[in-house]
Amino acid sequence: MQNPVRPDVRSRSEHRTLAPSGDPLLTARFAVPAVPKLLVRRPGLLERVTAGVRGPLTLINGPAGAGKTVLAAHWAADGLAPRSPVWLTIEPDDAPGAFWAYVLEALHRAGVALPAEVGRPTSAEGVSQSLLVRLADGLAGQPAPVVLVLDRFDAAQAPAITEGLEFVLRHAADGLRIVLTSRTDSLLPLHRYRAAGEITEIRQADLRFTHADAEALLREHRLDISQPAIGLLMERTEGWAAGVRLCALAMQRSADPDVFVHQFTVDRTTIADYLLKEVLDAQPSLTQDLLLRACVTDRIHPELADALTGRDDADLTLAGLARANAFLDQADETAWYRLHPLFAEVLRAHLRQRCPGLEPELHARAARWLAGTGRLTEAVAQAAAAGDWQFAAARLIDHLAIGRLFTGLETYKLGRVFAAMPADLTGAAPAVVHAACRLADRDLPGCEAGLVRADAFLAEACVTDEFTADEYPADASDAAPRLSRAFVGVLAGRLACDLAATERASADVARLLPRIAAPLLAEHPEIQAMVLASLGSAELAAGHLERAESTLTAAVEACGQPGVEYPLCDALGSLAMVELVRGRLHDAARHARRALAVAERSALPPERRAGLDHLVLAGVSVEHDDLVAARGRLDQAILLAGAHPEPVATVEAAVIGARLASAEGDGETALAAVRAARSALAPVRPHGWLVDELAIAESSAHLARGDTAAALNVLDATPSDRPEHAVARARALLAAGSGDRAAEVLAGLAGEESAPSPVRTQACLLQAQIATAEGATREAQRLLRAALGSARPEELRRVFVESGPWVRRLLRQDPGLAQAHSWLPAHVVGHSRARAGEQPPVVEPLTERETEVLRKAAQLLSTEQIAAELLVSANTVKTHLKSIYRKLSVTRRSEAVHRAQDLGVL
């Protein structure tokens, strides 16, 4: 019978495009396991599964060998589902990102059409909530419910997997049905489904063979067993399907099957003895040898088995074992086989007992075969199991895969593998890998110690080969280790806020790149992308903004291939910060929003995002006088940054937080934010401009408290020639009543055209304020016009609010000026805009739900993010927004937010 849910056959190259790590997604995991030829039909259980998929959840629960997978596969193969089911076999220790990557690929291979916006995970650690929202929404729109079978779901140990699955199932409405086979109860809230009557449970008691089932199975095996013997068999196996089948296989070779039943015991040890004596020993000696050697791998390929045995008979032997149902299954449409897990476990234990010391050697052979076929991650894992850390580290280094420890779907798995690697191994490759692992855990001292050891080994190699580090041949075999060491050095220099070290390591990378084979470089675009992103971020931290812009722009351009979403988001976030510091708000917002879009589209998990995109948008919102949105963005940025944000993020978050607190009249909180940032930066010695940013923020906080002396003292204690510092000092002097001294400071800024527009605007406003105080109204109005002209391109609103009521008085004296700058906040221009009748009337009041949607929109959340937070679909949010636009007589989201703020709705 043709399997109706057989996955599409894909070429190897197509698989590679699905996994940014470079390894293909395993086709065997999407294949419905072949139904045993000697099969007992169980129509009652099949009908219960069919009835179960009319509701959201079906659970098939029982111990190993209970027949869970057989039942689900039989049901799928019989075509009893309303729609061909989607099959996925779960593997132990699947990280959340890898799990969802396989789910999405299973849906795709089964022909389930999902919107392109759903995206794909790019990191093993997890996925964003946005991806789950889009997936649930896409499933909810299916013409017929999708039936997803998750086989061996108990292997999914990460709680985030279960939580995400529950979210998707709950929000996919009637578009998703899930069938779980599991040895243990899932972490899903089963009680909730039971209370709602939305779960079908098939448990161990249901899966147990009945007397009739056992009789039918024995008959299929051509065994003539007495009814009392069958009864005894059922009593002693308690209907355990695998136990009954094991006994049937053994009885075929027994002189007296009835006697066998009386002698067989069903405890675990006896079952293991049975498997060894009656299944393994029943095979020819060469077949036994193959099984014992091949059991060290999770899956068996004929060529891999040949490599483990040193023979060339695996293809026929494995096929014969599969046909004989000897606890070896072949995945449809593939050449791979899988041992029954219990049988594999027993075989491994017997291997250790029969051939002590052979298991590590077999792991080492498997590692080399897997490495030779391009399965790097599996090869590294096998080498680690063999204790061959030199080979494991060398594979990672020689294949230029050091970046996979920082980005890609296999990051989590590789990190776990190398976590057990001793730190005192000899050789450059282990030292570099150890340093990279320490850096991935943000252990900078540990990383630096590893790099020192790597440098020593590399220097020793130079001496041995009799050439210097700068002049070794183009075909030198240590080019990859040196490049990997330099790569880690770039990332470490950035974390240490050491621009000189970052530049030296970057120069080493640039010198070494031409010595790497072009095809190998093409497989790892993350190397160049991460180097440029890190160098640009280090230049930003050092205050070299023009250099940082150039480097980060190059980093963005280097991220043109799949698999570089993490460095792309990193580079865009830093580039956005560069533009924010330079006062180019529109460019900053554009880069930040692009970073957010890339992160959402690629399902980059929160822990892999620095939060600079949200932080930049918070800064932009402050300058635009949208304090509600700024607070929301700042909170998101702090949450994403975690416990160890980079210095630039630490400083800018404190500056924005202090400014928001001052706007709320809370000077103490503003001061606390600055002091906390200064304390956090103590170990890294931040560059001067960052120190000055904190001093300016602290001075402003003192002014908000009315302490002008403290505001001046903090600036005097941190001298700087930055125009931002001069404007802050002039502001403090003016507040202290020293208008003349403030004017002198501002006069020194004449001709500072390179200063950021917020600085130039504030300088004009301070000069206008001084002129107003001196009664020079005409000069004050001239300066105010200059300030408005400087602020208009970037819509700098907040600086006019913070300047005080004198701005409003000047604007009232010149209504035409106010009308020419309608982009200013209503509370700055007073009532002149309303009198001019520029704002159309409100058609009708907003509903409570519409106000809630608009409030989220004011925080610059995307439609999908609003939908996720309000637990509604994206289409529902779009409907609310259309209604809001109509009621407020606007056409865009930003106009709706500003209109609502003017009306006091927000």
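Residues numbered from 1 in each chain as written. Predicted model: local features only at pLDDT ≥ 70, side-chain atom pairs only at ≥ 80, totals over all residues. Heavy atoms only, no water.

1. Some details on the overall build of the protein chain
Here's step 1: Of the regular secondary structure elements, the protein chain holds 49 helices and 7 strands.
Here's step 2: Along the three orthogonal principal directions, the C-alpha set of the protein chain runs to about 120 × 80 × 40 Å.
Here's step 3: Split into buried and exposed, the 906 residues of the protein chain put 57% on the buried side.
Here's step 4: Only carbon and sulfur atoms are counted for the fraction: they give 52% of the accessible area of the protein chain, which is about 37400 Å². (Helix = DSSP H or I, 4+ residues; strand = E, 2+ residues; numbered from the N terminus. Buried < 20%, exposed > 50% of the residue type's maximum accessible area, 1.4 Å probe, protein only. Areas by Shrake-Rupley, 256 points an atom, 1.4 Å probe, with all protein chains shown as cover.)

2. Brief notes about the environment of alanine 294
Here's step 1: Mapped onto the secondary structure, alanine 294 falls in helix H14 (residues 285-294).
Here's step 2: Accessibility expressed as a relative area gives 1% for alanine 294, which makes it buried.
Here's step 3: Along the chain, alanine 294 and proline 143 lie 151 residues apart, while their C-alpha atoms are 45 Å from each other.
Here's step 4: With residues near it in sequence (within four places) discarded, alanine 294 still touches Ile300 and Leu308. (Contact = heavy atoms within 4.5 Å.)

3. Looking at the confidence of the model for the protein chain
Here's step 1: For the protein chain, the mean per-residue pLDDT works out to 85, and 90% of the residues sit at or above 70.
Here's step 2: Every residue in residues 465-476 is under pLDDT 50, and counting partners more than four places away or in other chains gives 14 contacts. (pLDDT = per-residue confidence, 0-100.)

4. A short note on helix H33 (residues 647-663)
Here's step 1: With 17 residues, H33 extends 24 Å from end C-alpha to end C-alpha; this agrees with the ideal 24 Å at 1.5 Å per step.
Here's step 2: For H33, the tally of buried residues reaches 14 of 17 residues, placing the bulk of the element in the interior.
Here's step 3: Glycine 665 sits one or two positions beyond H33 and adopts a positive phi of about 80 degrees. (Expected span 1.5 Å × (residues − 1).)

5. Some remarks on helix H36 (residues 708-716)
Helical periodicity: at 3.6 residues per turn, an α-helix aligns residues three or four positions apart in one direction.
Here's step 1: Listed as buried for H36 are Ala710, Ala711, Leu712, Val714 and Leu715.
Here's step 2: Residues of H36 that are buried in the fold lie against helix H35 (688-704) and helix H37 (723-735).

6. Things to note about the packing of helix H38 (residues 739-747) against helix H39 (residues 757-773)
The relative placement of two packed helices is expressed as an angle between their axes plus a distance between the axes.
Here's step 1: Look at H38 against H39: their axes get within 10 Å of each other, and the N-to-C directions meet at 145 degrees. Between H38 and H39 lies a crossing of left-handed hand. For the pair formed by H38 and H39, the contact residues are Gly739, Ala742, Ala743 and Leu746 on the first element and Ala763, Leu766, Gln767 and Ile770 on the second. (Axes fitted to C-alpha atoms, helices over the stretch in contact; angles between N-to-C directions. Left-handed = near helix turned anticlockwise from the far one by under 90°.)

7. A look at the side chain of threonine 50
Here's step 1: Turning to its location among the elements, threonine 50 is positioned in helix H2 (residues 43-52).
Here's step 2: Here leucine 46 takes part through its backbone oxygen, which lies 3.0 Å from a polar atom of the side chain of threonine 50.
Here's step 3: Among the polar contacts listed, one links the side chain of threonine 50 to the side chain of tryptophan 75, at a separation of 2.9 Å.
Here's step 4: If near-sequence neighbours (up to four positions away) are discounted, threonine 50 is found in contact with Trp75 and Leu80. (Polar contact = N/O pair within 3.5 Å; in protein donor to acceptor, adjacent residues only side chain to side chain.)

8. Points about the environment of valine 648
Here's step 1: On the secondary structure map, valine 648 appears in helix H33.
Here's step 2: Given the relative accessible area of 7%, valine 648 is considered buried.
Here's step 3: Measuring from C-alpha to C-alpha, the distance between valine 648 and aspartate 329 comes to 55 Å, with 319 residues separating the pair along the chain.

9. Structural notes on the pattern of salt bridges
Here's step 1: This structure, assessed with the given rule, holds 48 salt bridges.
Here's step 2: Here arginine 192 and glutamate 166 are joined by a salt bridge, their closest N and O atoms 3.0 Å apart. Of this pair, arginine 192 sits in helix H7 (residues 190-196) while glutamate 166 sits in helix H6 (residues 159-171); the two residues are 26 residues apart in sequence, bridging distant segments of the chain.
Here's step 3: Taking the relative accessible area as the measure of exposure, glutamate 166 reaches 8% and is therefore buried.
Here's step 4: The partner of arginine 365 in a salt bridge is glutamate 361, and the shortest N-O contact between them spans 2.7 Å. Note that arginine 365 and glutamate 361 are positioned in helix H18 (residues 358-372) at a spacing of 4 residues, about one turn of the helix.
Here's step 5: By relative accessible area, glutamate 361 is classed as partly exposed at 38%.
Here's step 6: The structure contains a network of salt bridges with shared partners spanning Glu623, Asp625, Arg659, Arg798 and Glu802. (Salt bridge = Lys/Arg side-chain N within 4 Å of Asp/Glu carboxyl O.)

10. Quick word on the side chain of glutamate 600
Here's step 1: Relative to the elements of secondary structure, glutamate 600 occurs in helix H30 (residues 585-601).
Here's step 2: For glutamate 600, the side chain forms a polar contact with the side chain of glutamine 865, separated by 3.0 Å.
Here's step 3: Filtering out sequence-adjacent residues up to four positions away, glutamate 600 remains in contact with Ser130, Arg134, Ser862 and Gln865.

11. A closer look at the sheet that holds strand S5 (residues 199-202)
Here's step 1: Reading across the sheet, the 5 strands line up as S2-S3-S4-S1-S5 and stay open at both edges, with parallel pairing between neighbours. Because the sheet does not close on itself, it has two edges, and the strands there are strand S2 (86-89) and S5. For this sheet, the mean inter-axis angle between neighbouring strands, taken without regard to orientation, is 15 degrees.
Here's step 2: In the sheet, S2 pairs with strand S3 (residues 146-151) via 4 bridges, with the strands oriented parallel. Bridge pairing links valine 86 to leucine 148 in S3.
Here's step 3: Where H2 meets the sheet, it contacts strand S1 (57-61) and S5, and its direction lies at approximately 160 degrees from that of S5. (Pairing = 2+ DSSP bridges.)

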